[in-house]
Amino acid sequence: MSKNDIKVALIGNPNTGKTSLFNQLTGLNQKVGNYPGVTVDKKEGLSKLSPTQNAVITDLPGTYSINPTSIDESIVLKTLLKKDIKESPDVILVVADVENLKRNLLLFSQIKDLEIPTVLAINMVDQMNRKGITIDLSLLKKQLNTEVVLISARKNEGINDVKAAIIRCHVAAKASPLCGVDHKIDPDYFMKLKEISSDYSLYELWLMVTQSNFPETVTKEEKEKLLAFKQDVSKVKKYQHKETIYRYQEINKILKKTYIIDKSKATDLRARLDKIFTHKIFGYVFFVFLLFIIFQSIFDWATLPMDLIDGTFAEISDFAKNNLPTGVLTDLLTEGVIPGIGGVLIFIPQIAILFLFIAILEETGYMSRVVFLMDKIMRRFGMNGKSIVPLISGTACAIPAIMATRTIPSWKERLITILVTPFTTCSARLPVYAILISLIIPDTKIFGFLNLQGFVLLLLYALGFATAILAAYILHKTLKIKSKSFFVVEMPNYKLPSIKNIFYEVLEKTKTFVLEAGKIILALSIILWFLASNGPSSFENVEKNTVQNPLNQYLSEKELQQKIASAELENSYIGILGKTIEPSIRPLGYDWKIGIALITSFAAREVFVGTLATIYSVEADDEKTATIKEKMATEVNPITGEKRFNFPVGMSLLVFYAFAMQCMATLAIVKRETKSWRWPLIQLFGMGFLAYISSFITYQILS
Amino acid sequence: MLSKLYSLSTIATLQKGEIGYISEESLDFIPLKLLEMGCLPGAEVELVQIAPLKDPLYICVNGSHLAIREETASKIQILKVNSLDV
């Protein structure tokens with residue numbers, strides 16, 4: 001970003017095509033960062049306005065007004081109140097939906113009163129004819145006293161007009177309020193408010209009073225005076241109501257002269273689709289059917305790319321091993337870093353596919369109907385209709401799911417959603433489930449058509465959801481948090497999804513996962529590699545002792561190498577750790593080797609499989625050596641002489657992985673979102689306790 | 001006469017497809033957020049759909065299609081036009 005770039009803030013109601021416009025203006029020149037001090041993602045992009053002029057466009061979260069009710073929305077207020085030259089926008093671009101212009105202009109009128117140069121882009125004008133809408137553009141410009149552009153972001157029409165308008169608006173750099181909050185409500189009151197400072201517009205001062213949000217530039221003295229206004233809370237509230245009414249009166253006056261809508265042309269597509277999607281029986285049937293289709297396709301489509309990624313990383317690792325000089329650094333690279341990166345990337349197919357579906361559901365407007373259908377049910381469990389989105393996303397990965405809770409305005413409902421989301425079966429649990437199920441559940445059909453293994457997997461998904469709901473209910477009854485539950489959801493028009501928007505959405509969500517989870521999984525992989533390949537002083541003698549052991553003298557070179565690797569692991573730090581915890585996990589049916597896998601699973605659950613592969617020194621790419629599954633199947637418990645992974649142990653492990661909070665990346669995100677270590681620790685120990693007890697009971701009953 | 005034509009009730013008592021007009025008196029009971037979304041005194045409000053478990057309610061007011069909870073809806077007073085053929 002250079003100094004001459006115009007800083008543009010993009011603002012608009014949800015469902016106005018704001019994202020489409022952002023994507024059209026910036027293309028692939030966008031990046032997601034963080035707002036300093038807060039956790040909400042900041043989407044920025046560079047746009048070429050003219051051959052000589054660039055703009056940095058910040059996409060602010062969708063909001064109906066500057067007065068925030070959720071964390072997402074509070075960003076808008078914070079950005080606009082900033083007086084910092086570096087941060088505050090030069091021009092504000094307000095996007096409005098042509099069909100809902102009246103309501104959209106409320107936000108516009110608030111922004112205009114901040115006295116920052118503003119461009120109004122009226123979107124979806126390609127729909128005007130069909131909806132019977134006519135606009136007197138030149139009169140509207142005059143009445144609103146601002147640049148107004150008609151666009152159709154999806155069809156890429158009018159984008160150049162927006163760019164030109166931004167430049168004109170920036171050059172003119174003049175801005176005047178549209179409504180002015182003072183004279184119609186209580187002139188004396190607002191006169192006194194205005195006297196506090198001349199550095200701010202009256203509306204800015206009023207926002208500081210109503211929102212208790214003060215820019216850093218406000219002096220202590222000014223702040224005290226502003227806070228004095230807040231003393232009379234009911235008066236402030238009353239004036240906020242009056243202000244809104246007044247704004248609508250002004251907007252109505254302007255629209256009466258400039259905007260005509262012929263209601264007879266309204267189509268009833270919305271009504272017809274709503275009849276199906278919100279039907280008291282069919283609505284739910286359709287939703288469940290949709291979930292079924294989604295999960296089915298995740299499994300069908302993701303398998304191939306996942307195998308491809310898995311294979312590629314194994315090859316890269318082998319290539320590096322064979323071509324780099326032997327040494328600690330090569331070991332670190334081939335046994336720590338490369339598998340670590342592979343362990344992150346392997347999840348991309350499943351996560352991307354699930355987010356593709358979620359993006360489609362949101363783009364089409366169907367998700368709001370699900371929220372509408374589910375709110376009452378979710379509320380009984382202390383959550384919100386909006387909690388359904390994180391709970392579904394959680395089946396891909398808890399990290400983006402927890403970030404998706406930001407739209408829930410009530411803190412208690414949001415917190416409960418955050419706390420229970422990790423119970424849903426995320427993609428990292430799948431490899432663990434898959435291998436355990438194939439070991440302990442026979443590959444037969446029940447009722448003649450249902451694959452028993454697949455059915456057990458389905459039961460595990462159901463277990464995850466049921467536990468999440470139950471845990472939410474317990475939290476709802478025990479958490480003593482007072483927070484006002486409030487619920488307003490707009491039911492947008494049904495739309496065909498835009499491929500471009502969905503592409504960017506999936507790209508962004510996947511990127512977030514790779515960055516957030518990736519850095520932790522990678523770091524832990526390296527730490528675990530170190531712990532597994534180093535040990536206390538006697539560690540160095542392991543290789544020598546194994547070679548010299550007379551029992552091993554008839555082994556082939558390959559078998560000897562495997563024996564050495566196993567022995568080394570047993571004597572490494574992590575082996576010692578596994579042996580240390582063995583007494584406490586024996587009641588669950590586990591030995592120290594499984595104990596190691598439990599510990600390493602904290603990086604990511606699927607590391608379980610990889611760890612066992614290392615412990616049983618399996619080389620999967622060699623046809624002669626047994627696969628990890630065969631190795632696990634033949635592993636024997638020396639005490640009982642039975643198979644190690646028999647039915648009771650397998651079930652106990654399945655239950656453990658269903659409940660335990662074995663994901664550092666999720667804990668880190670929960671800490672960030674709740675701004676305290678308290679909640680992630682409660683999650684870690686609460687879920688850990690539940691996992692331990694349940695596995696204990698499972699094993700003791702079955703064995 | 002007027003009292004026979006109009007009856008006072010709340011959005012929560014509307015039947016599906018019925019229309020009412022938000023009363024001026026309920027201004028203080030409408031949450032700011034709803035006001036901002038177009039739920040203004042004097043506005044025509046239509047109950048479009050009721051969720052299967054009787055809550056939330058799906059309304060259309062001032063061109064906005066909104067889902068609100070019954071709890072909120074029961075606080076917003078409306079004037080309902082009585083059918084004349086009774």
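Residues numbered from 1 in each chain as written. Chains lettered and ligands numbered in written order. Predicted model: local features only at pLDDT ≥ 70, side-chain atom pairs only at ≥ 80, totals over all residues.

Overview of the overall build of chain B
- A count of helices and strands for chain B gives three helices and six strands.
- Taken from N to C terminus, the helices and strands of chain B fall in the order α-β-β-α-β-β-β-α-β.
- Expected size for 86 residues packed as a compact globule is a radius of gyration near 12 Å; at 12 Å, chain B falls within 12% of this value.
- Each principal axis of the C-alpha distribution contributes one length, and for chain B these read about 35 × 30 × 20 Å.
- Every one of the 86 residues in chain B was classed for burial, and the buried ones make up 42%.
- For chain B, long-range pairs separated by at least 24 residues make up 57% of all intrachain contacts whose partners lie at least 6 apart in sequence. (Helix = DSSP H or I, 4+ residues; strand = E, 2+ residues; numbered from the N terminus. Rg over C-alpha atoms; globule rule 2.2 N^0.38 Å. Buried ≥ 20, exposed ≤ 12 C-beta atoms within 10 Å, placed from the backbone. Contact = placed C-beta atoms within 7 Å.)

Describing the overall build of chain A
- Per the secondary structure count, chain A includes 31 helices and 12 strands.
- Expressed along its principal axes, the backbone C-alpha trace of chain A runs to roughly 100 × 55 × 50 Å.
- Expressed as a percentage of the 703 residues in chain A, the buried residues total 43%.
- Partitioning the contacts of chain A with sequence separation of at least 6, the portion at a separation of at least 24 is 72%.

Thoughts on the interface of chain B and chain A
- Residue-level contacts link 26 residues of chain B with 28 residues of chain A.
- Here three bridges tie strand 12 (residues 488–490) of chain A to strand 5 (residues 64–68) of chain B, and the two strands are oriented antiparallel to one another. Among the inter-strand pairings, A:Val488 is bridged to a residue of strand 5 of chain B, identified as B:Ile68. (Pairing = 2+ DSSP bridges.)

What to know about unusual backbone geometry
- Across the junction of B:Asp55 and B:Pro56, the peptide omega takes the value -5 degrees, indicating a cis bond.
- Mapped onto the elements of the fold, B:Pro56 is located in the loop between strand 3 (44–50) and strand 4 (57–61).
- With a phi close to 65 degrees, A:Met124 is a non-glycine residue in the positive phi region.
- Summarising the element assignment, A:Met124 is placed in the loop between strand 6 (118–123) and helix 4 (128–131).

As for the packing of helix 3 (residues 101–112) of chain A against helix 11 (residues 233–258) of chain A
All names here are of chain A.
- The contact between helix 3 and helix 11 brings their axes to 10 Å, and the two run at 120 degrees. Here helix 11 runs oblique to helix 3, going by the angle between their axes. Helix-helix and strand crossings are classified by hand; for helix 3 and helix 11 the assignment is right-handed. Counting all contacts with helix 3, which are made through Leu101, Lys102, Leu105, Leu106 and Ser109, the residues of helix 11 involved are Arg247, Tyr248, Glu250, Ile251 and Leu255. (Axes fitted to C-alpha atoms, helices over the stretch in contact; angles between N-to-C directions. Parallel < 35°, antiparallel > 145°, perpendicular 65-115°, else oblique. Left-handed = near helix turned anticlockwise from the far one by under 90°.)

Considerations on the pairing of strand 4 of chain B
All names here are of chain B.
- The element strand 4 is largely enclosed, with a buried count of four among its five residues.
- Both strand 3 and strand 4 contribute to a ladder of five bridges, which runs antiparallel. For glutamate 46, the partnering residue across the bridge sits in strand 4 and is cysteine 60.

What about the packing of helix 21 (residues 452–478) of chain A against helix 29 (residues 647–659) of chain A?
Residues and elements named next belong to chain A.
- Across the interface, helix 21 lies against helix 29 with an axial gap of 10 Å and an inter-helix angle of 40 degrees. One element, helix 21, and the other, helix 29, form an angle in the oblique class. Crossing of helix 21 against helix 29: the hand is right-handed. Within the contact between the two elements, helix 21 uses Leu460, Leu463, Gly464 and Thr467 and helix 29 uses Leu654, Ala658 and Phe659.
- A class-by-class count of the residues in the contact of helix 21 with helix 29 yields five nonpolar, two polar and no charged. (Nonpolar A, V, L, I, M, F, W, Y, C, P; charged D, E, K, R; others polar.)

Observations concerning the confidence of the model for chain B
All names here are of chain B.
- Taken residue by residue, chain B gives an average pLDDT of 86. The fraction at 70 or more is 91%.
- Between the elements of chain B, mean pLDDT differs from a low of 58, seen in helix 1 (residues 2–5), to a high of 93, seen in strand 4.
- The complex model carries a pTM of 0.84, and its ipTM stands at 0.91. (pLDDT = per-residue confidence, 0-100.)

Side note on the environment of A:Glu243
Residue and element names in this part refer to chain A.
- By the secondary structure assignment, glutamate 243 is in helix 11.
- On the basis of neighbour counts, which here come to 25 C-beta atoms within 10 Å, the residue glutamate 243 falls in the buried class.
- Expressed as a C-alpha distance, the spacing of glutamate 243 and valine 181, which sit 62 residues apart in the sequence, is 6.4 Å.

What about the confidence of the model for chain A?
- Of the residues in chain A, 95% reach a pLDDT of 70 or more, and the chain-wide mean stands at 85.
- Predicted confidence is poor over residues 618–625 of chain A, with pLDDT under 50, and the contacts of this stretch with residues over four places away or in other chains come to 11 contacts.

What to know about the nonpolar core
- Membership of the largest hydrophobic core comes to 196 residues, with the highest contact counts inside it found for A:Val94, A:Ala121 and A:Ile166.
- Look past the residues within four positions of A:Ile166 in its chain and what remains in contact with it is A:Ile6, A:Val8, A:Leu49, A:Ala55, A:Val91, A:Leu93 and A:Val119. (Core = buried A, V, L, I, M, F, W, Y, C linked by C-beta atoms within 7 Å.)

Observations concerning the sheet that holds strand 6 (residues 77–81) of chain B
- One open sheet holds the seven strands; their spatial order is 12(A)-5(B)-4(B)-3(B)-2(B)-6(B)-1(B), and the pairing between them is antiparallel. Unpaired on one side and paired on the other, strand 12 of chain A together with strand 1 (6–10) of chain B mark the two borders of the sheet. Pairs of neighbouring strands in the sheet enclose a mean axial angle of 35 degrees, with direction left out of account.
- When strand 2 (residues 19–22) of chain B meets strand 3 of chain B, the two strands line up antiparallel, connected through three bridges. Note on strand 3 of chain B: the bridge partner recorded for B:Gly20 is B:Val45.

Thoughts on helix 3 of chain A
- For helix 3 of chain A, spanning 12 residues, the distance from its first C-alpha to its last is 15 Å, which sits close to the expected 16 Å at 1.5 Å a residue.
- When helix 3 of chain A is considered as a whole, its buried residues turn out to be A:Leu101, A:Arg103, A:Asn104, A:Leu105, A:Leu106, A:Leu107, A:Phe108, A:Ser109, A:Gln110, A:Ile111 and A:Lys112. (Expected span 1.5 Å × (residues − 1).)

A few points about the environment of A:Phe347
All names here are of chain A.
- In this fold, phenylalanine 347 is placed in the loop between helix 14 (328–345) and helix 15 (348–364).
- A count of 27 C-beta atoms within 10 Å places phenylalanine 347 in the buried class.
- Filtering out sequence-adjacent residues up to four positions away, phenylalanine 347 remains in contact with Cys397, Ser427 and Ala428.

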